[in-house]
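Here are the chains, one letter per residue:
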Protein chains: 2
Amino acid sequence: MHVKFNNMRITIIGSGNVATHLAAAFKNAGHRIVQVYSRNMQNAALLAYHVGAEAINTHQNISPDTDLFILAIKDDAITSFVPYLSLYNKLIAHTSGAVNIQELLNATLNAGVFYPLQTFSRTKEVNFREVPMCIEGADEAITKFLEALARDISNNVYRVNSAQRKVLHLAAVFACNFTNHLYAISGQLLSGSGMGFDMLRPLIAETADKIKEHLPGNVQTGPAVRNDEQTMNTHLQMLQQQPRLQQIYTLLSQDIIKNHNKPNEDK
Amino acid sequence: MHVKFNNMRITIIGSGNVATHLAAAFKNAGHRIVQVYSRNMQNAALLAYHVGAEAINTHQNISPDTDLFILAIKDDAITSFVPYLSLYNKLIAHTSGAVNIQELLNATLNAGVFYPLQTFSRTKEVNFREVPMCIEGADEAITKFLEALARDISNNVYRVNSAQRKVLHLAAVFACNFTNHLYAISGQLLSGSGMGFDMLRPLIAETADKIKEHLPGNVQTGPAVRNDEQTMNTHLQMLQQQPRLQQIYTLLSQDIIKNHNKPNEDK
């Protein structure tokens, strides 16, 4: 059952990519952003302007007239910020993949987590309805409340406890951050030979596209899964001036071989 | 200038993913596949049926009535197969990223390379018009001929010599094969905590989507580029039962830090 909240009052603490995309999604879903806080007044003002909120840059100016504080600041700033909010006894939810709900519970029982499992860039729109929203609450009522709010902005809402969220965050580093770095490495290799990154874009798009309907283990290709030692040795020789890339090549190839452990097969 | 060839006669040697997708693309562009060769008659027959060709499984049955032999077999089988074709003095082009044109030139001057830089799966359609076609010819006339043929099936045709193609192939291992394996690792991490791969699919799609309009170095996110040592240490602890993943995590993080070398920044 989907409880629709109209015109919830939401305060956004932070003005980075997560704060920006969440604030816009809430606003588009019909909620009201009352204030945007950032230490940097210019950043606060920019986001506040976009979502029709008041910009503030001191915690003394935080208004208690809100239903929910969304904490979208750096992980290591969360714990020290909570006391400025918990005195109002309103619900506080952080948006971090890595921070245990306990960090909020030390200051207030009115606590939850509202973690969007996505990579956000300032300049790129994201279809929030497809973003997996990972919800945790200090109690069942808070969990249900945050789940309903999450369904206002996304079709993919999951209950995820702090231990699971930590694993999700780690998995996201492999699936997103490390993947993006492999794209960067491939571009560097090309540029050294007078070729442009454009040549790789269709391959990158197709590699990700395959995963929409398959599991990655079922569509693995390349010399490692074929156990093609000659090609792997040639590649390692080509990388001999870049020992770190050589190590990355070796480790990832070994892990593919270990996971698949197949003899040679047709191209 | 685009020279359009009508009804070229093409013989496909091989019946794997590259052979299958290339044969279909040629056929769709109005060319005629005369024969499909595979050691395995069933595989030859299946592809031959789809493209209206004759299936053969012995080199004695190869017909000289063709304009072009496309060699789409395993890299290490190319050299030994060429003599069965070169006696007819027709153009022979291989489709490998890793094999030097010299391997063909040792047997015939009528040689070229027709390398599609893409990952092909048997069960997934690919829009061939977006596949980068990397062309090399033994002389300018052959190069021009293969370029024109490539333009019949793709909008992205490049001249790529054997040294460059070797680098492209290596770059593709990072951008495609290793990337897919990172997807697999992330799925493994989740399944150990009772979560499904579906949760990661939007993140994977968005990570690749960003790259359509940005260079990867400009959109890197995650703990390594932020130099967030606390999160990286937590992740390494979580991986302590999986030393190879720990090593992959460390190496990729170090390479990101080295490439970016930034102090802490806002989320």
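Up top you'll find the structure we're talking about.
### Let's talk about the packing of aromatic side chains
Residues and elements named next belong to chain A.
For step 1, the next point in the chain: Tallying each qualifying case throughout the model produces 16 aromatic pairs over all chains.
For step 2, the next point in the chain: Both rings, one in Phe120 and one in Phe128, keep their centres 5.8 Å apart while their planes meet at 15°; by these two values the pair is stacked. Here Phe120 matches Phe128 in class, with each residue buried.
For step 3, the next point in the chain: Members of the aromatic cluster, each reached through a chain of ring pairs, are Tyr37, Phe81 and Tyr84.

### Some points on the relation of the copies chain B and chain A
For step 1, the next point in the chain: Of the two same-sequence chains, chain B is brought onto chain A (RMSD 0.0 Å, axial shift 0.0 Å) by a rotation of 180°. Seen this way, the second copy is the image of the first under a two-fold rotation axis. Closest approach to the rotation axis among the C-alpha atoms of chain B is made by Thr179 of chain B, whose C-alpha sits 2.7 Å away.
For step 2, the next point in the chain: A share of 100% of the interface residues of chain B reappears at the interface of chain A, consistent with the copies meeting face to face through the same patch.

### What to know about the layout of surface pockets
For step 1, the next point in the chain: Considering only enclosed or pocket space, the second largest pocket measures out at about 850 Å³ in volume.
For step 2, the next point in the chain: Taken together, 41 residues make up the lining of the second largest pocket; nearest its centre are Asn17 and Phe120 of chain A together with Thr221, Gly222 and Arg226 of chain B.
For step 3, the next point in the chain: Of all the elements in the fold, those that place two or more residues in the lining of the second largest pocket are helix H1 (17–28), strand S6 (111–116) and helix H6 (162–191) of chain A together with helix H7 (201–210) of chain B.
For step 4, the next point in the chain: Ranked by residue count, the leading element in the lining of the second largest pocket is H6 of chain A, at five residues.

### Looking at the interface of chain B and chain A
For step 1, the next point in the chain: On the chain A side, the residues contacting the 98 residues of chain B number 98 residues.
For step 2, the next point in the chain: A buried area of about 9500 Å², summed over both sides, lies between chain B and chain A, and 66% of it is on carbon and sulfur atoms.
For step 3, the next point in the chain: On the surface where chain B and chain A come into contact, there are six salt bridges.
For step 4, the next point in the chain: Between Asp209 of chain A and Lys124 of chain B there is a salt bridge; the shortest N-O distance is 3.2 Å.
For step 5, the next point in the chain: In this structure, the connection of chain B to chain A is made through 32 residue pairs in polar contact (both at pLDDT 80 or more).
For step 6, the next point in the chain: Those elements that place two or more of their residues in the side of chain B that touches chain A are helix H1 (17–28), strand S7 (132–137), helix H6 (162–191), H7, helix H8 (229–238) and helix H9 (243–260) of chain B.
For step 7, the next point in the chain: The element that contributes the greatest number of residues to the side of chain B that touches chain A is H6 of chain B, accounting for 25 residues.
For step 8, the next point in the chain: Here the residues of the side of chain B that touches chain A sort into 47 nonpolar, 31 polar and 20 charged.

### What about the pattern of salt bridges?
Residues and elements named next belong to chain A.
For step 1, the next point in the chain: Inspection of the entire model under this criterion finds 24 salt bridges over all chains.
For step 2, the next point in the chain: Here Arg159 makes a salt bridge to Glu147, at a shortest N to O gap of 2.9 Å. Separated by twelve residues along the polypeptide, Arg159 in strand S8 (residues 157–159) and Glu147 in helix H5 (residues 140–153) bring together distant segments of the chain.
For step 3, the next point in the chain: Residue Arg159 is classed as partly exposed on the basis of its relative accessible area, which comes to 43%.

### Observations concerning the sheet that holds strand S3 (residues 54–56) of chain B
Residue and element names in this part refer to chain B.
For step 1, the next point in the chain: The mixed open sheet is built from eight strands, whose spatial order is S3-S2-S1-S4-S5-S6-S7-S8. Two strands bound the open sheet, and with one partner strand each, they are S3 and strand S8 (156–159). Neighbour-to-neighbour, the strand axes of the sheet open up by a mean angle of 25°, direction not taken into account.
For step 2, the next point in the chain: Sheet topology note: the strand S1 (residues 9–13)/strand S2 (residues 32–37) ladder contains five bridges and is parallel. Bridged to Thr11 within S2 is Gln35.
For step 3, the next point in the chain: Across the sheet, H1 lies against S1, S2, strand S4 (68–71) and strand S6 (111–116), angled at about 170° from S1, the strand it touches most.
For step 4, the next point in the chain: Where H6 meets the sheet, it contacts strand S5 (91–94), S6, S7 and S8, and its direction lies at approximately 25° from that of S6.

Conventions and cut-offs
Residues numbered from 1 in each chain as written. Chains lettered and ligands numbered in written order. Predicted model: local features only at pLDDT ≥ 70, side-chain atom pairs only at ≥ 80, totals over all residues. Heavy atoms only, no water. Phe/Tyr/Trp six-rings, centres within 6.5 Å; stacked < 30°, edge-to-face > 60°. Buried < 20%, exposed > 50% of the residue type's maximum accessible area, 1.4 Å probe, protein only. Least-squares fit on C-alpha atoms with pLDDT ≥ 70 in both. Contact = heavy atoms within 4.5 Å. 1 Å grid on protein atoms, 1.4 Å probe; cavity = no way out; pocket = protein on both sides within 12 Å on 5 of 7 lines; lining within 4 Å. Points joined across faces, edges and corners; volume = space filled by probe spheres on them. Helix = DSSP H or I, 4+ residues; strand = E, 2+ residues; numbered from the N terminus. Buried area = accessible area lost by both parts, 1.4 Å probe. Salt bridge = Lys/Arg side-chain N within 4 Å of Asp/Glu carboxyl O. Polar contact = N/O pair within 3.5 Å; in protein donor to acceptor, adjacent residues only side chain to side chain. Nonpolar A, V, L, I, M, F, W, Y, C, P; charged D, E, K, R; others polar. Pairing = 2+ DSSP bridges. Axes fitted to C-alpha atoms, helices over the stretch in contact; angles between N-to-C directions.

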